[in-house]
Amino acid sequence: MKLEQNYSLKEHNTFHLQVKARWFMEYENEDELIKILQDEYFQESQSIHIGGGSNLLFLGDYNGVILHSAIRGIKVKEETDTSVTLRIGAAELWDDVVAYAVKNGYSGIENLSLIPGETGAAAIQNIGAYGVEIKDVIESVEAYNQLDIVKRIFSKEECKYGYRSSFFKNEHNDPYIITYVAIRLSKQPSYTLEYGNLKEELSAYDEINLTNIRDAVIAIRKNKLPDPKEQGNAGSFFMNPVVSMTKYNHLKSTFGEFPHYVISDTEVKIPAGWLIEQCGFKGKKHGTVGVYEKQALVLVNLGEATGDEIALAAESIRMAVEQKYGISLVPEVKYVG
Ligand code: EPU
């Protein structure tokens, strides 16, 4: 177990904000997690559990306990002629899981290549890209209730997945800490290639296979999204808003054609990046915070930004979109502090 006081979180948040935690506790296995959860000091302190910090905005130092899992490992739990179920430690880097799957010829998550963060957080957030969400492959999730310290195994249905949402993200539910995630992948080729320019990107390759899909997704992401190692960011800052068909038709008659994806007969999803670009923010700087020039949904730390400065820039974007379109953008990034 690792236990540190006044611990720098700079390497634990992809905005690279220079903030500290009063305590940082990292556990290697479920027994160590149980010990922490039973500890009276821990129970009386405020605490949050983090993954790779790729979806967090620290507004200042954290005056409590930051918990982090070091439970790793990818093991085959079950295998048939056509599928394989992997049991993955929550701290395993998600992209390492994708690389492992692709190398072994297991399909289902290749479109989720190069998404930063750890597997436990990926299952909380229901990460998604290029027409695939992690929920499509989740079989079950092992988690501890932080209040009564009882382990529960959630079926996929019990995880209550929606767009970037889940049972675990819903603050009305008891807090749970995920220790393992089980995903089922196919041993037969089965690809999702319909999103955006994935097919077009793949036309440069001589064959459509798992490795080439992974390489194509990585190429698209590298071209569109800033590398957090080089420029602090947390990917999409806002979620794509879902509006009613009535609202969409009204907007279309006022502003003309809108990019959109029809979700159902009554709902439409609108790309937030487009709305932000239309409001003139793309590529612009707000002091220490930038709106990425190739994808307006991404805010970047231009150097020495603080969490407050990023939150302020986000708020001015949110207000401008609200004023012009009457659409309230909701951050995908979680504010802490
Ligand atoms: N667009 C613009 N201007 C911009 C950015 C986007 O006009 O500056 C419009 C374009 O019409 C484009 C459309 O938005 O066709 C969609 O853009 P993109 O394919 O880049 O996807 P997105 O909707 O902005 C979502 C996810 C990403 C994921 C991509 C690809 C959310 C909040 N974001 O972004 O996820 O990689 O789709 O599937 O759903 C993340 O969650 O951190 C993330 C990067």
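This text follows the structure it describes.
Just so we're clear, the structure is a prediction, and the values are computed from it rather than from any experiment.

## A short note on the sheet that holds strand β12 (residues 176–186)
And step 1. One open sheet holds the 5 strands; their spatial order is β6-β7-β12-β10-β11, and the pairing between them is antiparallel. Looking at the sheet topology across the chains shown, the edges are occupied by β6 (74–79) and β11 (151–155). If you compare each strand with its neighbour and ignore which way they point, the axes differ by 20° on average.
And step 2. Where strand β10 (residues 138–145) meets β11, 5 bridges bridge the pair, whose relative direction is antiparallel. The residue of β11 that forms the bridge with V141 is F154.
And step 3. Against the sheet, helix α3 (residues 94–103) touches β6, β7 (83–89) and β12, its axis set at about 50° to β6.

## Thoughts on the site of the ligand
And step 1. Taken together, 23 residues lie near the ligand, and Y130, Y163, R164, E277 and Q295 sit nearest.
And step 2. At a separation of 2.7 Å, an oxygen atom of the ligand approaches a polar side-chain atom of Y163.
And step 3. In this structure, an oxygen atom belonging to the ligand sits 2.9 Å away from a main-chain N or O atom of S236.
And step 4. In terms of residue count, the dominant contributor to the shell around the ligand is helix α8 (residues 272–278) (3 residues).
And step 5. Each residue belonging to the shell around the ligand can be placed in one class, and the counts come to 11 nonpolar, 6 polar and 6 charged.
And step 6. Residues from two domains meet in the shell around the ligand; each of domain 2 (74–224) and domain 3 (233–336) gives at least three.

## Some details on the nonpolar core
In summary, soluble globular proteins display a tendency toward joint burial of nonpolar side chains.
And step 1. Ranked by size, the top nonpolar core spans 44 residues in total, and within it F58, I66, F237, I276 and I310 carry the most contacts.
And step 2. Looking at this core, the element that brings in the most residues is helix α9 (residues 307–325), giving 7 residues.
And step 3. If you count residues domain by domain, this core takes at least three from each of domain 1 (2–69) and domain 3 (233–336).
And step 4. Apart from the residues lying within four places of it in its own chain, the contact partners of I276 are F238, F281, K282, V291, A296, L297, I317, V321 and L329.
And step 5. L86, C159, I183 and I220 belong to the second-largest nonpolar core, a separate cluster that totals 42 residues.

## Regarding the packing of aromatic side chains
And step 1. By the definition in use, this model includes 19 aromatic pairs.
And step 2. Seen from their ring centres, F258 and W274 are 4.7 Å apart, and the 55° between their planes marks the pair as tilted. With F258 in the loop between α7 (245–255) and β15 (261–262) and W274 in helix α8, this residue pair connects regions lying 16 residues apart in the sequence.
And step 3. The exposure class assigned to F258 is buried, which follows from its relative accessible area of 2%.
And step 4. Taken together, the ring pairs connect Y248, F255, F258, W274 and Y325 into an aromatic cluster.
And step 5. Seen from the ring of Y180, R87 lies directly overhead, with NZ or CZ sitting 3.6 Å from the centre.
And step 6. Here the basic side chain of K269 rests over the ring of Y163, its NZ or CZ set 3.5 Å away from the ring centre.

Here is what the cut-offs are and how they apply
Residues numbered from 1 in each chain as written. Predicted model: local features only at pLDDT ≥ 70, side-chain atom pairs only at ≥ 80, totals over all residues. Heavy atoms only, no water. Pairing = 2+ DSSP bridges. Helix = DSSP H or I, 4+ residues; strand = E, 2+ residues; numbered from the N terminus. Axes fitted to C-alpha atoms, helices over the stretch in contact; angles between N-to-C directions. Contact = heavy atoms within 4.5 Å. Near = heavy atom within 4 Å. Polar contact = N/O pair within 3.5 Å; in protein donor to acceptor, adjacent residues only side chain to side chain. Nonpolar A, V, L, I, M, F, W, Y, C, P; charged D, E, K, R; others polar. Domains from an automatic or database assignment. Core = buried A, V, L, I, M, F, W, Y, C linked by side-chain atoms within 4.5 Å. Buried < 20%, exposed > 50% of the residue type's maximum accessible area, 1.4 Å probe, protein only. Phe/Tyr/Trp six-rings, centres within 6.5 Å; stacked < 30°, edge-to-face > 60°. Lys NZ or Arg CZ within 6 Å of the ring centre and 35° of its normal.

These results come straight from atomic positions and should not be treated as a statement about function.
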